[in-house]
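# Chain and residue survey
Spelled out from the first residue to the last, the chains are:
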Amino acid sequence: MSQGEVLVIGGTSDARALCRQLDAAGVKYTLSVATPAGQQLAGEIAGEVRCGRMESAEIADWLRHHRTRWVIDASHPYAAIVSRNVVEACQRTGVTLSRYQRPEQLAGLTHPLLHRVKGIEQACRVAQRLGERVLLTTGSKDLAAWRAGLPNKTLLARVLPVADVMIQCVEAGFGVAEIFALCGPFSAEFNAAFYRQCQADVVITKSSGAEGGYQEKVQPCLDAGIPCIVIARPAALVTGDELLESQDAFAQRLARWLAA
């Protein structure tokens, strides 16, 4: 088996955990990450690591060239474009695709201060009436969209401490007092202190699951009386037996793949 017969997509902690399962099973594979930060966070895995974003056609070419038999999409739950490109590439090439999607947390929680929305536009409409200082814990990719949607608010960005992200912040008009470069996930105690320190009136986040510290972000908001806006996940593009929502489910799928 070559390194290219199995391709794992994603720089998430989920993807690294799946790689460790593949390592334990003696499976050769390649982990594809989008950024140097993802490559650095890959750590000590046995598989090869390729770095750089790929469009659908590029992924399809890679799969053909490496005679890939199985793709595991373990990209972030909100990386909708990545997942769509992977689905299209696998459809073009006939390669088996499994989607690993971390389980949600607090899915049934209701609270007067908890506002669930479908996207950035709706989140901005809700935030307009809630407070002046808006803390964004949604990553760096959409900072310009937040700035456009909330031009009259003081926006605070909690983002990864890497150079290209700092450039994105500056280009989106964030000053030094509005950028908090930190690598999570964080404890509930840390978040509670952080919300006080930055004087957040509103917190906007995503339903990122346990791996993203979702509960530890939301609960301190509610305890402190701070409104929390949660952007819903995009719908999964893979369904049925190939939609895997736990490490145990992946272990069972891996066993079936090895037995085939």
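Throughout what follows, the structure given in this document is the object of discussion.

## A short note on the overall build of the protein chain
- Scanning the protein chain for helices and strands turns up ten helices and twelve strands.
- Relative to a compact globule of 260 residues, whose C-alpha radius of gyration would be 18 Å, the protein chain shows 19 Å and is just as compact.
- With the principal axes as the frame, the protein chain shows a C-alpha extent of 55 × 35 × 30 Å.
- Roughly 12500 Å² of accessible area belongs to the protein chain as shown, and the carbon and sulfur atoms make up 52% of that amount.

## Details of the sheet that holds strand S6 (residues 114-117)
- As summarised here, the arrangement of the six strands in space is S6-S11-S10-S7-S8-S9, forming an open sheet in which the pairing is parallel. Two strands in the sheet have a free side with no partner beyond their single neighbour: S6 and strand S9 (179-181). Between one strand axis and the next, the sheet turns by 20° as a mean value, whatever way the strands run.
- In the sheet, strand S7 (residues 133-136) pairs with strand S8 (residues 154-159) via four bridges, with the strands oriented parallel. Note that in S8 the partner of Arg133 across the bridge is Thr154.
- Those strands touched by helix H9 (residues 214-224) are S6, S8, strand S10 (202-206) and strand S11 (228-231), and its axis lies near 160° from that of S10.

## Some details on the sheet that holds strand S3 (residues 48-51)
- The strand order across the open sheet built from six strands is S3-S2-S1-S4-S5-S12, with neighbouring strands paired in parallel fashion. Two strands in the sheet have a free side with no partner beyond their single neighbour: S3 and strand S12 (243-244).
- Examined bridge by bridge, strand S4 (residues 70-73) and strand S5 (residues 96-100) share four bridges and lie parallel to one another. Residue pairing across strands places Trp70 opposite Thr96, the latter belonging to S5.
- On the sheet, helix H1 (residues 13-24) packs against strand S1 (6-9), strand S2 (30-33), S4 and S5 and is oriented at approximately 155° with respect to S1.

## Observations concerning the environment of Pro103
- With respect to the helices and strands, the residue Pro103 is situated in the loop between S5 and S6.
- Between the alpha carbons of Pro103 and Glu211 there is a distance of 9.3 Å; along the sequence they are 108 residues apart.
- Not counting the four nearest positions on each side in its chain, Pro103 is found in contact with Gly209, Ala210, Arg233 and Glu245.

## A closer look at the nonpolar core
- By size, the foremost hydrophobic cluster in this structure holds 23 residues, and its most contacted members are Leu136, Trp146, Phe174, Ile204 and Ile229.
- Counting residues per element, the ones that place at least two in this core are helix H5 (120-127), S7, helix H6 (143-149), S8, helix H7 (163-171), S10 and S11.
- Contacts of Ile229, omitting those with residues within four sequence positions, involve His115, Val117, Ala123, Val126, Ala127, Leu130, Val202, Val203, Ile204 and Thr205.

## Topic: the side chain of Ser56
- Here Ser56 is to be found in helix H3 (residues 56-65).
- Residue contacts for Ser56: discarding those within four places in its chain leaves Asn85, Glu88, Ala89 and Arg92.

## Some details on unusual backbone geometry
- Gly184 connects to Pro185 through a cis peptide bond whose omega is 0°.
- Among the structural elements, Pro185 can be located in the loop between S9 and helix H8 (188-198).
- For Arg67, which is not glycine, the phi dihedral falls at a positive 50°.
- Among the secondary structure elements, Arg67 is positioned in the loop between H3 and S4.
- Located in the positive-phi region is Gln199, a residue other than glycine, with phi close to 55°.
- With respect to the helices, strands and loops of the structure, Gln199 is situated in the loop between H8 and S10.
- Classification of Gln199 as exposed rests on a relative accessible area of 54%.

## Topic: the side chain of Thr30
- By the element assignment, Thr30 lies in strand S2.
- Setting aside residues no more than four positions away along its own chain, Thr30 makes contact with Gln3, Gly4, Val6, Leu7, Val8, Glu48, Arg50 and Trp62.

## Quick notes on the packing of aromatic side chains
- Inspection of the entire model under this criterion finds five aromatic pairs.
- Measuring from ring centre to ring centre gives 5.9 Å for Trp70 and Phe250, while their planes differ by 15°; the resulting arrangement is stacked. Linking Trp70 in strand S4 with Phe250 in helix H10 (residues 247-259), this pair joins segments that are 180 residues apart in sequence. Of the two residues, Trp70 and Phe250, neither departs from the other in class, the shared state being buried.
- Ring geometry for Phe180 and Phe194: centres 5.2 Å apart, planes at 85°, overall edge-to-face. With Phe180 in strand S9 and Phe194 in helix H8, this pair connects stretches of sequence that are 14 residues apart.
- Among the aromatic side chains, those forming a connected cluster through ring pairs are Phe180, Phe186, Phe190 and Phe194.
- Over the ring of Phe174 we find Arg147, and its NZ or CZ is 4.4 Å from the ring centre.
- Here the basic side chain of Arg158 rests over the ring of Phe194, its NZ or CZ set 5.0 Å away from the ring centre.

The rules behind each value
- Residues numbered from 1 in each chain as written.
- Predicted model: local features only at pLDDT ≥ 70, side-chain atom pairs only at ≥ 80, totals over all residues.
- Heavy atoms only, no water.
- Helix = DSSP H or I, 4+ residues; strand = E, 2+ residues; numbered from the N terminus.
- Rg over C-alpha atoms; globule rule 2.2 N^0.38 Å.
- Areas by Shrake-Rupley, 256 points an atom, 1.4 Å probe, with all protein chains shown as cover.
- Pairing = 2+ DSSP bridges.
- Axes fitted to C-alpha atoms, helices over the stretch in contact; angles between N-to-C directions.
- Contact = heavy atoms within 4.5 Å.
- Core = buried A, V, L, I, M, F, W, Y, C linked by side-chain atoms within 4.5 Å.
- Buried < 20%, exposed > 50% of the residue type's maximum accessible area, 1.4 Å probe, protein only.
- Phe/Tyr/Trp six-rings, centres within 6.5 Å; stacked < 30°, edge-to-face > 60°.
- Lys NZ or Arg CZ within 6 Å of the ring centre and 35° of its normal.

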